[in-house]
Structure formats: structure tokens, C-alpha cells
Amino acid sequence: MSESVISKHAARGASVGSLVCIGLLHGVPAAAQSEVPAATQSEVGEGGIALPADERRSAVTSDLPTLRLSSGETSTIVSENPTDRDVRLTPQSVRGRSRPEYDPIGINVGGFTLFPELSGRAVYDSNVLAQSNGQSDLSSIVNGRLRGETNWAVNRAVVEAGIRQQEYTDLSSESGTEYDLQASGNFEYTTGGTFSVSALREHRLVDRGAVGEVLRTQKPVRLDRSSALASTRLQRGLVYGELSGRIDKYDYADARDPEGNLSNQQFRDATRYQLSAAGGVRIGPELYGFVSAERAWRRARLSSIPNRDTNELQILAGVRSEISPLWSGSVAAGYLQADFEDPAIDTRRSFALNANAEYYFTPLTTISLELDRSIQGIASVTTPAALVTSGRLSVDHELLRNLILSVSSSYEKADFEASDATTDRFGLYAGAEYRLSRRISITGGANYLTRNREDVDSGLAFSRFSANIGVNFRL
């Protein structure tokens, strides 16, 4: 950060710093959701609760692959929001830049540096069950994470594990534990050539309020997901090429409907295979034009009617900026096609969108845009998938050196295949992070979420307000 930016903070930091802490403690409801990032989730988290910035599970470094979300099922996982998870957090962004006096140092152990984190927060949710006549409740969340990064000179590896426990005061059926374990690595095998791998295992609670969730159950459905990704990139002069492949396996646990009957979820179990290739050429300072092609095959574990197997094709063309003074990320458009193995379901053809970009409006303000259009699996027995369009626009502002304010809005729409039903979801989020020191920070946020469904089942439409405040401890 430049000296002029730092001096701006210094001039007002002494008079405002203590008041900010009081405002966060008293100005946000003490009991105030990522999936809900529907999309893609406007800064929402488990159960539709507004997530503080520190719980946005995003790849902090763009050189390492991430498996946090895949295009096959992102709209159903409570703790993941398609929009949150892929935020780039580049070094020049408000949230990604280094703040040596507030950044955790970590613990050096051999060739690794460990970064442990522990957070606790109080949450209020006006509509926990995501129903038209919803019930409010208070809950507490304890979240622990441990990340280890190598100290190697060239190559890099990261191992991370996390566990999250949420307990509701009255609606104990909604309480649950989530956990994940992931590892990734980036290795240079020649000048301009790198090979990257990632693996992920996670246990999640499915978000009742996701656009693809249409089944009512006594408890949130549990999902186990295993993923693996391998990719390689080679750059020669102004030209680069990339190849990648990944596998995602989804395993849903059976649940009980409101009457206590078994609600079999095995029809949702599936494995998704994906191959992709991309190539680009430098067309300006830190600016590349590129084209990419992706082929995916989704195979259900059990045979069903309709047949849920799907073959997908996506072709994109766009521009990407690695690191520039004005913006970074990528913006692309193209063609999307989904062929369904069931002969009764027509092939879906549509335009494709994909964007994940940051615009550095000022040194103190970053504007982020995320767009996606893809075929996703859903919970309906009568339709195999939905065309989901999602987007989010967010703004992060560094009010003080140690105080970041964030606002965002998100929209997600699901157009169900072999059905006239559509579902859309809209969210608004506002929050703040105040760093007391390199070890302790206070976070708070509030979120409004509404879901509408054009269907005979009007009970699937709902609105929800949630808010939370918490304390985070890092080493």
C-alpha cells in the first residue's frame, strides 16, 4: 500500500478505532449461512446465515487449484456459495493485500508453516427451515481450521482441515457438524511449465434454501463429496495452453420426511467426470485473449426414471488479466449444451457465461463480479437437472487499515429440465471485519434472502433475515 493510503488511515485511526469496536459489539444484533453462496450466495453461509469475511472459503492464491465447488452441484451445499468460493483475493485487492501488522505469522514446523484458526459466533435466523411460514431461532457456531503451507523456494503444497459445529437453541433438528480435508500442490517441471493437483473430502449439510432443493425433510440432508483435480499449464512467449481433468463424487444420506417416512436420497448420488482444455495469447500488457472447451459426463449411481445421466459441453472465449493496476480475473461468454440420456428430455442449448474478476476502483475499494451459467443436479425426483444462472456483485472498502466494510448482492435462477418450474433467489449482504491485532478480529454481518418458485407448490417460496457477530483467533 502506498504511503498516501497509509497516511489517510493514520489521520483518522486514533479517533475512530475505539468507536468502531464498540459499534460492532452493540450495533449488530448479538444473535443475528454458502452455501449459501447461492451462487453463487450473497455472502451467505450455513443455513442462510450471513457469513463473515473470514469464513469465505476461497483460494487465496491463484496459482493453486481449488476444489471448493464444482459446477455440478454448487447450489445445494449449505456451507458453500458458488459466488464466495472462487473469489481471487489477489495481492492488490482490499481483502487480499498484505497487512504485516495484522496478518498472522503462523508456526514454523520443519518445512511447513502452520496457520491455526478458531472462531465463535452468535447467529439469529428469522426462517431456519426456509419455508413460507418459517420459524426463527438463535444458534451458536464454533469453527476451527488448520492450514499448513510449505516453505519451499519454488514448488508449493498446502494442506488444510476444518470442522464446524452449529447448535440451535430450539430447532435442534437443524444442528449439525461439517468437516473437510483438502490438499493441493503446484510443481514446476520446466521453465514456464507447471503441474497442479488437488484433492478434497468433505461432509456438508445441504442448504434447505438452495434453488435446487424442493424436498421437505425433518433434518437437513447430509452430503459427502470427494473430489480430485489435476492440471498442467505451459507458457511459451506470448502463448499458453492448459489441460485439466477432475472427478467429483456425490453421496447423499437418506432422510425422513415431515411425517417420519423414509425419504430415499440415493437417486441423487452421482459421479461427475470433467476434461477441459484452454489456450490463450497475450494481446496487451498483462492481458490475454483465450478460448476454452470443457466436456463433462454426469453418471447417476442408480438407474431411475427419468434417466439422470447427462453429457455436457461448454465452449468459452474471453479475456483474462493476470495482474494489472486496474483489474484482474477473467470474463468470458460462449455456448453451453447438455445432452440427456433420457430420450424423453430434449437437448438443452444455451449461451454460456463465466466471470470472476476484480476491479480496483481505488486503492481502498475493490469491486468484484462473479457470473456463471451451468447445468446442475437438483433434488427433484421428476427432473434430472436445472440450468442455473447465477451472479454476484460485491464491494470491499478499507475504511481503516484494520477495518474492512463489505456489501454484496446476488441472484440465482434455476430453470428445471422436463418441467415448467423455475426458482430464483435474491440476496443482499452487509458486513464488517475489525482486526484488533494479528491474532484477534471481530466480524459481523447481516443478510436478507428471498426465494420464489413458479410452481404449484407455493410453500417453497420464502424470505429470510439473518445476522451474526463473532470473534476469531489466529496464530
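Calculation notes
Residues numbered from 1 in each chain as written. Predicted model: local features only at pLDDT ≥ 70, side-chain atom pairs only at ≥ 80, totals over all residues. Heavy atoms only, no water. Helix = DSSP H or I, 4+ residues; strand = E, 2+ residues; numbered from the N terminus. Buried < 20%, exposed > 50% of the residue type's maximum accessible area, 1.4 Å probe, protein only. Areas by Shrake-Rupley, 256 points an atom, 1.4 Å probe, with all protein chains shown as cover. Salt bridge = Lys/Arg side-chain N within 4 Å of Asp/Glu carboxyl O. pLDDT = per-residue confidence, 0-100. Contact = heavy atoms within 4.5 Å. Pairing = 2+ DSSP bridges. Polar contact = N/O pair within 3.5 Å; in protein donor to acceptor, adjacent residues only side chain to side chain. Core = buried A, V, L, I, M, F, W, Y, C linked by side-chain atoms within 4.5 Å.

The next thing to look at is the overall build of the protein. A count of helical and extended segments in the protein gives two helices and 21 strands. In the protein, which comprises 475 residues, the share counted as buried stands at 54%. Per element, the accessible surface of the protein, about 19,600 Å² overall, is 60% carbon and sulfur.

Turning our attention to the pattern of salt bridges. Applying the stated rule across the entire model yields 33 salt bridges. One salt bridge in this structure joins Glu398 and Arg99, with 2.5 Å as the shortest N-O distance. Taken as a pair, Glu398 in strand E17 (residues 385-400) and Arg99 in the loop between helix H2 (82-85) and strand E1 (107-109) lie far apart in primary sequence, 299 residues in all. With its nearest N and O atoms 3.2 Å apart, the salt bridge here joins Arg156 to Glu149. Note on Arg156: relative accessible area 17%, which makes it buried. Among the residues examined, Glu149 registers a relative accessible area of 18% and is labelled buried. What you see here is one network of salt bridges that share partners, running through Arg145, Glu160, Arg164, Glu178, Asp180, Glu202, Arg204, Arg225, Arg246 and Asp248.

Before going further, it helps to examine the confidence of the model for the protein. For the protein, the mean per-residue pLDDT works out to 82, and 80% of the residues sit at or above 70. Predicted confidence for residues 1-71 stays below pLDDT 50, and this span has 283 contacts to residues more than four positions away or in other chains. The low-confidence segment residues 74-88 (pLDDT under 50) makes 121 contacts with residues lying over four places distant or belonging to another chain.

Note the cis peptide between Ile305 and Pro306, where omega equals 0°. For Pro306, the position within the fold is in the loop between strand E12 (287-300) and strand E13 (310-321).

Inspection of the sheet shows strand E4 (residues 156-168) paired to strand E5 (residues 176-190) by 11 bridges, in the antiparallel sense. In the sheet register, Val158 faces E5, and the bridge partner there is Ser184. As paired strands, E5 and strand E6 (residues 193-205) are joined by 11 bridges and run antiparallel to one another. When the sheet's bridge partners are listed, Phe187 is paired in E6 with Phe195. Joining the antiparallel neighbours E5 and E6 is a turn of two residues, in which Gly192 adopts a positive phi near 80°.

Summarising the element assignment, Asp396 is placed in strand E17. Residue Asp396 is classed as buried on the basis of its relative accessible area, which comes to 8%. Separated by 2.5 Å, the side chains of Asp396 and Ser406 make a polar contact.

Let's shift gears to the nonpolar core. Ranked by internal contacts, the top residues of the largest apolar core, which has 13 residues, are Leu336, Phe340 and Ile375. Of all the elements in the fold, those that place two or more residues in this core are E12, strand E14 (327-340) and E17. If one sorts the elements of this core by residue count, E14 sits on top with four residues. If you look at the next biggest cluster of nonpolar residues, it comprises 10 residues, including Val211, Ala386, Ala414 and Leu460.

Regular strands place side chains that alternate from one sheet face to the opposite one. Bridge count for strand E11 (residues 270-284) against E12 is 14 bridges, and the pairing is antiparallel. Along E12, the bridge assignment pairs Arg272 with Arg298. Across 12 bridges, the pairing between E12 and E13 is antiparallel. When the sheet's bridge partners are listed, Trp297 is paired in E13 with Asn311.

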